[in-house]
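Structural characterization, general
Letter by letter, the chains look like this.
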Amino acid sequence: MNPHDLYAVYGASGYGREVMPLARQQLAQAGVAAERLVFVDDAAGGPVQVNGQRVLTYAQFLAQPAAARHAVLAIANSCVREKLAARCAHDGVRAWSVAAANVVRMDEVRLGEGAILSPFVTLTSNLRIGRHFHANIYSYVAHDCVVGDFVTFAPRVCCNGNVVIEDHAYIGTGAVLRQGQPGQPLVIGRGAVVGMGAVVTKSVPPGATVVGNPARVMER
Ligand code: UDP
């Protein structure tokens, strides 16, 4: 990390305010001054500071003098994250990953750019995770899982071994994903939503919403 770079937590609402202290700690450990860290929010124009940290619009962020710019996208909505990732890439803003100091990462973890790993998250061994993953507090991903891009875990998600989660899936608070088998993973399809507290015992089709124990597709 470079002391002349500028770092942003993009999104100054609920999740952004939870990510900011992690970002601050990560930079402090790398010897980067707290003034090099800001919130960026497209709705900025209200308070100039949130929790003691400056809030800039995206245009203001781009206009600040900096050797390079980095942003972590702290917005739960995965489609918004994808849109902002493209905007940042276009403007040369680098994807930044932020992880709490007590995150556990075991062997052979491949984690894509822009991840946020909240406190008490565990990534066990031999797993792969795509870009801009969010793992909220107390979640875990176990061995041999393959997680796509822009996947979001709410707090306390239990993702057991040999599970495949496709892009843009959202896993709600306290959901439990049953372990798959080698070569026969349990699959959460692209854009699927797993409701709070669901116990998922079989694969979920793309775009479906499942709830309950055992989890069933919610008909609209
Ligand atoms: N936001 C933004 N640009 C966008 C979409 C959202 O800056 O294109 C900001 C929005 O103004 C809000 C935050 O991101 O401050 C999203 O907050 P929300 O409460 O919807 O979600 P959460 O913090 O739970 O992810």
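A brief look at the structure comes next. What you see is a predicted model; the values in this text were computed from it and never measured. Throughout, residues of each chain are indexed from 1 in the direction in which the sequence is written. Note on the predicted model: pLDDT of at least 70 is required for a residue's local features to be given, and 80 or more for side-chain atom pairs to be given and counted; whole-chain, interface and lining totals, by contrast, use all residues. Note that the side-chain values use all heavy atoms of the structure and ignore hydrogens as well as water.

**Some remarks on the pattern of salt bridges**
Put simply, the test is: The rule for a salt bridge is simple: a side-chain nitrogen of Lys or Arg has to be within 4 Å of a carboxyl oxygen of Asp or Glu. Under the DSSP-based scheme used, a helix requires at least four consecutive residues in state H or I and a strand at least two consecutive residues in state E, with every element numbered from the N terminus. For every residue, the accessible area obtained with a 1.4 Å probe (protein chains only) is divided by the maximum for its type, and the residue is called buried under 20%, exposed over 50%, and partly exposed between those limits.
For the structure shown, the criterion picks out 3 salt bridges. Arg190 serves as the salt-bridge partner of Asp167, at 3.3 Å between the closest nitrogen and oxygen. One end of the pair, Asp167, is in the loop between strand E18 (163–165) and strand E19 (170–171); the other, Arg190, is in the loop between strand E21 (186–188) and strand E22 (193–194), and 23 residues separate them in sequence. Accessibility expressed as a relative area gives 45% for Arg190, which makes it partly exposed.

**Concerning the pairing of strand E5 (residues 69–73)**
Threshold: Pairing between strands is defined by DSSP: at least two bridges between them are needed. Look down the strands so they point away from you; if going from the first strand over the helix to the second traces a clockwise path, that crossover is right-handed.
Burial analysis of E5 places 5 of its 5 residues in the buried class, the great majority of the element. Side chains Arg69, Ala71 and Leu73 of E5 all project onto a buried face; the interleaved residues His70 and Val72 project onto the opposite face, where all are buried too. In this structure, strand E1 (residues 6–10) lies alongside E5, joined through 5 bridges in parallel fashion. Along E5, the bridge assignment pairs Tyr10 with Leu73. Bridging between E5 and strand E6 (residues 94–95) involves 2 bridges; their strand directions are parallel. Within the sheet, the bridge partner assigned to Ala71 lies in E6 and is Ala95. At this point the chain moves from E5, through helix H3 (residues 78–90), to the parallel E6, and the crossover so formed is right-handed.

**Digging into the site of the ligand**
Convention followed: If a single non-hydrogen atom of a residue is within 4 Å of a molecule or strand, that residue counts as near it. Here a polar contact means two N or O atoms within 3.5 Å. Within protein one must be a hydrogen donor candidate and the other an acceptor candidate, and residues neighboring in sequence count only if both atoms are side-chain atoms. Classification convention: Asp, Glu, Lys, Arg as charged; Ala, Val, Leu, Ile, Met, Phe, Trp, Tyr, Cys, Pro as nonpolar; all other residues, Gly among them, as polar.
In the vicinity of the ligand there are 13 residues, among which Ser13, Asp41, Asp42, Ala76 and Lys83 approach most closely. Measuring from an oxygen atom of the ligand, one finds a side-chain N or O atom of Ser13 at 2.7 Å. Gly14 places a polar main-chain atom, nitrogen or oxygen, 3.2 Å from an oxygen atom of the ligand. Contributing elements (two or more residues each) for the shell around the ligand: helix H1 (14–29) and H3. Taken together, the residues that form the shell around the ligand break down as 7 nonpolar, 3 polar and 3 charged.

**Considerations on the nonpolar core**
To keep it simple, the criterion reads: We call a set of buried residues a nonpolar core when its members are Ala, Val, Leu, Ile, Met, Phe, Trp, Tyr or Cys and they connect through side-chain atoms within 4.5 Å of each other. In what follows, residue pairs with any heavy atoms lying within 4.5 Å of each other are defined as contacts.
Of all hydrophobic cores here, the largest spans 53 residues; its most connected members are Phe133, Val141, Ile165, Ile188 and Val200. Elements that contribute at least two residues to this core include exactly E1, H1, strand E2 (37–40), strand E10 (116–117), strand E12 (127–129), E18 and E21. The element contributing the most residues to this core is H1, with 6 residues. Beyond its immediate sequence surroundings of up to four residues, Ile188 is in contact with Val163, Val164, Ile165, Glu166, Ala169, Ile171, Leu177, Val194, Val200 and Val204. Among the nonpolar cores identified, the runner-up in size contains 15 residues, and Leu6, Leu84, Ala85 and Val93 belong to it.

Honestly, it's all geometry; don't read function into it.
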